[in-house]
Each structure stands twice: as structure tokens, then as C-alpha cells.
Amino acid sequence: QKEVEQDPGPLSVPEGAIVSLNCTYSNSAFQYFMWYRQYSRKGPELLMYTYSSGNKEDGRFTAQVDKSSKYISLFIRDSQPSDSATYLCATPAGGFKTIFGAGTRLFVKA
Amino acid sequence: GAVVSQHPSWVICKSGTSVKIECRSLDFQATTMFWYRQFPKQSLMLMATSNEGSKATYEQGVEKDKFLINHASLTLSTLTVTSAHPEDSSFYICSAIAGEGSGTDTQYFGPGTRLTVL
């Protein structure tokens, strides 16, 4: 079992839709979670991070952590074609290492 | 925000030749840099971690004699793919952190280098 599981998609939605991107993790010791966005042929960029259960909001993006079920989510409201990218969840794995999910490819159709 | 650059952005080389990829932190000093490899539609695979002035730490299964990493300064790390073969063709991405090395330090990623070995 991978330590961080993420459905690679692709996920295709119409413009304006609410998008839900999800990951599960296996190690209950993980405390800190990040979401990265990666456009095609580019490096990932940090979108948001959370350090506890509950929600964290930043503009159209909301990150949610449910530690009881080991489930993390990223919601995108009013999705735009410019949101089309691959979204990766990640968590520190000790020392300098970071464990990344496989990434979910999102397509937002105009 | 912190910026990391990579050069070149893409390179095509013949089988058997060596290719050097540079990773620079432009506006901060990077205590640690990372090299990742990414295959199409797959996630990032950590290859090695490098600290300025010391030998890189390679992940299991990564050949250190094939993928030479030099972290010569706090703003520059290089990855040299030696005797490249077609199976080395991939997207190579570096990242850098500026902090003291806690697990929550933000990694700033470069734009990646696409290597194609003919």
C-alpha cells in the first residue's frame, strides 16, 4: 500500500463547477499536508498547506483534513479553465523527504 | 516568492553522451536541494537530496555513478546524467528549501528539464 494514494483521473468538469480532489494516507503520524499544482511541462507550485484537521480557505481554494479517516481534500469553487492542471497532495515523511501522491489531472472546460 | 530556475529547459542528446542540468535558487540561499524524476502522467520520484558542500544522498535504486550531483554553492546544484541511454529520457525537476530542514519547510520547484536521449 502506498503511503499516499491519489486517483490520477483525469477529472473533467465544466467551467464554474465545484471540484473535489482527494487523497488518502496510511500513516496516522502524518500531521502536515500540502497541495501542489503542476501545469503541463512545468514544475509544481505550492498551493496550500494544512497542519491540523478541519478546513483552510484561500480564495477559491479550500483544503480539508479528516484525520479520523486519513482523508485530505482540496475543493475548488467556481472552477476556471486556468485551473486545468495536475494537483498533487503531499506530506513530509521525516527529515527532508516529502511523499507525493500520484497527482490528479483536472480539465476545466470553457 | 522564492524562485528556482533550471537550465536547460529541454535537451536532446545522443545515446552515450553526458548531459548536465543546472538548478539555481535565484533569490535565496538553498540549504538543501532535491532532484526528482517524473515520467508522463506519474508523480514525482525523489532521486537524491543534496546539501551544499557535502555528498548527495541517493534514494534506493538510483545509481549514483550515473546521476552525478554536485551542490557547489548555496545557490547552485547540478545533475549530470552520464552515458545517457534512451531509458533515461524523462522530466527532471529540482527543488530547494531555505529553512533549517524541518519537514514543513516549503519546497520551491524549478520549471523542470525535459531530457530526450536518442
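The numbering scheme is per chain: residues are counted from 1 as the chain's sequence reads. Chain labels run from A onward and ligand labels from 1 onward, assigned in the order the entries are written. Local features in a predicted model are, by the rule used here, given only for residues with pLDDT of at least 70; side-chain atom pairs are given and counted only at 80 or more, and totals for whole chains, interfaces and linings are based on all residues. Heavy atoms from the whole structure form the basis of all side-chain values; hydrogens and water molecules are not counted.

Draft legend 1. Geometry of the overall build of chain A. Each helix is a run of H or I in the DSSP string that is no shorter than four residues. Each strand is a run of E no shorter than two, and both are numbered from the N terminus. The number of helices and strands found in chain A is 0 helices and 11 strands. In sequence order, chain A lays out its α and β elements as β-β-β-β-β-β-β-β-β-β-β. Two things to know: the radius of gyration comes from C-alpha atoms, and the globule rule equals 2.2 Å times the number of residues to the power 0.38. The C-alpha radius of gyration computed for chain A amounts to 13 Å, which stays within 12% of the reference 13 Å derived for 110 residues, consistent with globular compactness. In terms of its C-alpha atoms, chain A occupies a principal-axis envelope of roughly 40 × 30 × 20 Å. Sorting the 110 residues of chain A into buried and exposed places 43% on the buried side. Contact between two residues is taken to exist if any of their heavy atoms lie within 4.5 Å; hydrogens are not considered. Sequence separation of 24 or more characterises 51% of the internal contacts of chain A that already satisfy a separation of 6 or more. Accessible surface computed for chain A: about 5400 Å², of which carbon and sulfur atoms make up 49%. Think of it in three bands: with a 1.4 Å probe and only protein chains considered, a residue is buried below 20% of the maximum accessible area for its type, exposed above 50%, and partly exposed in between. The method behind every accessible area is Shrake-Rupley, applied with a 1.4 Å probe, and residues are considered shielded solely by the protein chains displayed.

Draft legend 2. Molecular detail of the layout of surface pockets. Cavities and pockets were defined on a 1 Å grid built from protein atoms only: a cavity is a group of points that admits a 1.4 Å probe but offers it no way out, a pocket is an open group of points flanked by protein on both sides within 12 Å along at least five of seven lines, and a lining residue is one with an atom within 4 Å of any such point. Grid points are joined across faces, edges and corners, and a volume is the space filled by probe spheres set on the points. Counted as a void, the largest pocket has a volume near 500 Å³. Together, 23 residues line the largest pocket, and Ser40(A), Thr86(A), Arg105(A), Pro40(B) and Lys41(B) are the ones closest to its centre. Of all the elements in the fold, those that place two or more residues in the lining of the largest pocket are strand E9 (85-92) and strand E11 (104-109) of chain A. Among the elements that line the lining of the largest pocket, the one with the most residues is E11(A), at 3 residues. Within this model, the second largest pocket holds a volume of roughly 360 Å³. Along the walls of the second largest pocket sit 17 residues, with Thr98(A), Ile99(A), Leu44(B), Met45(B) and Leu46(B) positioned nearest its centre. Of all the secondary-structure elements, those providing two or more residues to the lining of the second largest pocket are strand E10 (98-100) of chain A together with strand E4 (32-38) and strand E5 (44-51) of chain B. Residues that form the lining of the second largest pocket fall into these classes: 9 nonpolar, 4 polar and 4 charged. As a working rule, the residues Ala, Val, Leu, Ile, Met, Phe, Trp, Tyr, Cys and Pro are called nonpolar, Asp, Glu, Lys and Arg charged, and the rest polar, with Gly in that last group.

Draft legend 3. Representation of the side chain of Thr62(A) in the model. Residues and elements named next belong to chain A. By the secondary structure assignment, Thr62 is in strand E7 (residues 61-66). Here a polar contact is recorded for every N or O atom pair within 3.5 Å, except that within protein the pair must consist of a potential hydrogen donor and a potential acceptor, and residues adjacent in sequence are included only if both atoms are side-chain atoms. A polar side-chain atom of Thr62 sits 3.0 Å from a polar atom in the side chain of Arg77. Those residues in contact with Thr62 that sit more than four places away from it in its chain are Met48, Asn55, Lys56, Glu57, Ser73, Leu74, Phe75 and Arg77.

Draft legend 4. Focus on the environment of Phe39(B). Residue and element names in this part refer to chain B. With respect to the helices and strands, the residue Phe39 is situated in the loop between E4 and E5. On a C-alpha basis, the gap between Phe39 and Phe91 in space is 6.4 Å, while along the polypeptide they are 52 residues apart. With near-sequence residues (within four places) excluded, Phe39 lies in contact with Ser89 and Ser90.

Draft legend 5. Local environment of unusual backbone geometry. Following Gly9(A), the chain continues to Pro10(A) via a peptide bond in cis, the omega torsion being 10°. Here Pro10(A) lies in the loop between strand E1 (4-6) and strand E2 (11-14). Of note, the amide linkage connecting His7(B) to Pro8(B) takes the cis form, showing an omega dihedral of 0°. Among the secondary structure elements, Pro8(B) is positioned in the loop between strand E1 (4-7) and strand E2 (10-13). In this model, Arg41(A) sits at a positive phi of 60°, which is unusual for a non-glycine residue. When you line up the elements, Arg41(A) lands in the loop between strand E4 (33-38) and strand E5 (45-50).

Draft legend 6. Layout of the state of the cysteines. Criterion for a disulfide: a pair of cysteine sulfur atoms within 2.5 Å. One pass over the structure, following the stated rule, counts 2 disulfides over all chains. Between the sulfur of Cys23(A) and that of Cys89(A) lies a disulfide, 1.9 Å long from S to S. Linking Cys23(A) and Cys89(A), the disulfide has an S-S dihedral of approximately -100° and is accordingly described as left-handed. Placement of the pair is Cys23(A) in strand E3 (residues 19-25) and Cys89(A) in strand E9, with a sequence separation of 66 residues. Comparing Cys23(A) with Cys89(A) shows no difference in burial state: the two are buried. Unpaired in terms of disulfides, Cys13(B) finds its nearest cysteine sulfur in Cys94(B), a separation of 18 Å.

Note that all results are geometric; they support no functional claim without further evidence.
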